[in-house]
Amino acid sequence: MPATLRWNRLVIAAETEEEFISAVFDYFPQLLQLPYEQVEMDITGTEEISEDAFRSIAIKLIGGEAAEKKVLIRIPPSVDRYFRHANLYRMVDVDVVHPMPGNGKVDAAKVKANIKGAKYEAVKAPKKAPPPPEMTERAPANLSPEAVELQPEPAKKQKPQKASRAPDKGTKADVGYLVDVETGSRHEIRKTIMIGREPPSDLVFQIPTISKRHFQIRKEGDGFLIEDMRSTNGTYLNGLPVHEPVPLRDGDEVVVAITLKHPKGARIFQFTTKPE
């Protein structure tokens, strides 16, 4: 079993990325339905997680499903950079589990220095493989005996989208438009447009969670690219964090600054190349 869901904890120890992604989509929604204010997800048992596999977690966390829960995620150090870059540590509690050196001692000062600046500085011993199905953890006193273990839902498995695209996969056009979903305002793009909290940004939204220079869309060749300008709270394209310039397609959704204060984003836009 690549995953075990018991009480308020989901443990994923998958051997392949396909198993890992399937486990996230099968079990994570059930984890959020449990009657606890705080839930835990442990992915330290999966040794190699690429950025594409990480996005399966990101989709669930930024989709608003976890907004009403306090979520703790235990991760291996190899995934730490993904959480930092996507600013997910601002939305959930993250516990980086470091492997124990051969001498059995952990240099806490060195580990703390390596993750300086993050919200989390925990150092723990490595996790063993998740317990076999017949083993159970102690249940909270207020839980009924029926909720010993949940099985994956038989629903069709979903596949996470990729945030990056090949340069030839964007929509080709001479003029693009950025539509503010809330107001319906359309902003023409011929060369470049910058969105931020204050000038010299072209579109200014005085919202604290939006950075001074948050993201830009620029004309490149016969298409358009979106680029996050190292914003504090991130730019999301169709639900996934933008890490590098990405080609845009007609109908793409751009969300600015997904935070606990704005779980659906501080501002939502739609990109199109079609005139009104």
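Look above for the structure.
Residues numbered from 1 in each chain as written. Predicted model: local features only at pLDDT ≥ 70, side-chain atom pairs only at ≥ 80, totals over all residues. Heavy atoms only, no water.

Quick look at the overall build of the protein chain now. The number of helices and strands found in the protein chain is 4 helices and 16 strands. In the protein chain, which comprises 276 residues, the share counted as buried stands at 47%. A sequence separation of at least 24 residues applies to 59% of the contacts in the protein chain between residues at least 6 apart. Approximately 15000 Å² of the protein chain is accessible, and the part contributed by carbon and sulfur atoms is 49%. (Helix = DSSP H or I, 4+ residues; strand = E, 2+ residues; numbered from the N terminus. Buried < 20%, exposed > 50% of the residue type's maximum accessible area, 1.4 Å probe, protein only. Contact = heavy atoms within 4.5 Å. Areas by Shrake-Rupley, 256 points an atom, 1.4 Å probe, with all protein chains shown as cover.)

Here Ile73 is to be found in strand E4 (residues 70–75). The spatial distance from the C-alpha of Ile73 to the C-alpha of Val96 is 8.5 Å, given a sequence separation of 23 residues. Leaving out residues up to four positions away in the same chain, Ile73 has contacts with Met41, Ile57, Leu61, Phe83, Val92, Asp93, Val94 and Asp95.

The interhelical angle for the contact between helix H1 (residues 17–33) and helix H2 (residues 51–62), taken along N-to-C directions, is 15 degrees, at an axis separation of 9 Å. The pairing of H1 with H2 is recorded here as roughly parallel in orientation. As for how H1 packs across H2, the hand of that crossing is right-handed. Of H2, the residues touching H1 (which contributes Glu17, Phe20, Ile21, Val24, Phe25, Phe28 and Pro29) are Ala53, Ser56, Ile57, Ile59, Lys60 and Leu61. Its residues assigned to classes, the contact of H1 with H2 comprises 10 nonpolar, 1 polar and 2 charged. (Axes fitted to C-alpha atoms, helices over the stretch in contact; angles between N-to-C directions. Parallel < 35°, antiparallel > 145°, perpendicular 65-115°, else oblique. Left-handed = near helix turned anticlockwise from the far one by under 90°. Nonpolar A, V, L, I, M, F, W, Y, C, P; charged D, E, K, R; others polar.)

Let us look at the packing of aromatic side chains. The geometry of an aromatic ring pair is captured by two quantities: the separation of the ring centres and the angle between the planes. For the coordinates displayed, the defined rule picks out 5 aromatic pairs. One aromatic cluster is present, built from ring pairs that chain together Phe54, Tyr82 and Phe83. Above the face of the Tyr177 ring, Arg186 is positioned so that its terminal group lies 4.6 Å from the ring centre. (Phe/Tyr/Trp six-rings, centres within 6.5 Å; stacked < 30°, edge-to-face > 60°. Lys NZ or Arg CZ within 6 Å of the ring centre and 35° of its normal.)

Once that is clear, we can look at the nonpolar core. In terms of nonpolar packing, the biggest core is built from 44 residues, with Ile12, Phe20 and Met41 touching the most fellow members. Where this core is concerned, the elements lending two or more residues are strand E1 (3–6), strand E2 (9–12), H1, strand E3 (38–42), H2, E4, helix H3 (77–85) and strand E5 (93–96). Sorting elements by how many residues they give to this core places H1 first, with 9 residues. With near-sequence residues (within four places) excluded, Phe20 lies in contact with Ile12, Ala14, Ile43, Thr46, Ile49, Ala53, Ser56 and Ile57. In this structure, Phe224, Ala266, Phe269 and Phe271 belong to the second largest nonpolar core, which totals 23 residues. (Core = buried A, V, L, I, M, F, W, Y, C linked by side-chain atoms within 4.5 Å.)

Tracing the sequence through the fold places Asp93 in strand E5. Residue class for Asp93 comes out partly exposed when judged on its relative accessible area of 27%. A sequence separation of 23 residues divides Asp93 from Lys70, and the C-alpha atoms of the two residues are 7.8 Å apart.

Next up on the list: H1. Its 17 residues place the ends of H1 25 Å apart at the C-alpha level, agreeing with the 24 Å of an ideal helix rising 1.5 Å per residue. Taking burial as the measure, the 17 residues of H1 include 13 buried ones, the bulk of the element. (Expected span 1.5 Å × (residues − 1).)

Right, let's get into the environment of Thr272. As for its position among the elements, Thr272 is in strand E16 (residues 267–272). Look at Thr272 and you get buried, because its relative accessible area is 11%. When the C-alpha atoms of Thr272 and Val179 are compared, they prove to be 7.7 Å apart, with 93 residues separating the residues in sequence. In terms of polar contacts, Thr272 uses its side chain to reach the side chain of Asp250, at 3.1 Å. (Polar contact = N/O pair within 3.5 Å; in protein donor to acceptor, adjacent residues only side chain to side chain.)

Let us look at the sheet that holds E4. Taken in spatial order, the 5 strands line up as E1-E2-E3-E4-E5 in an open sheet, and their pairing is mixed. Because the sheet does not close on itself, it has two edges, and the strands there are E1 and E5. For this sheet the average axis-to-axis angle between neighbouring strands, irrespective of direction, equals 15 degrees. In terms of strand pairing, E2 meets E3 through 3 bridges, oriented parallel. If you follow Leu10 over to E3, its bridge partner there is Met41. This element, H1, spans E1, E2 and E3 of the sheet and lies at about 175 degrees to E2. (Pairing = 2+ DSSP bridges.)

One open sheet accounts for 5 strands, arranged E9-E8-E10-E11-E14; its pairing is mixed. For this open sheet the edge positions go to strand E9 (203–204) and strand E14 (246–247), each flanked by a neighbour on one side alone.

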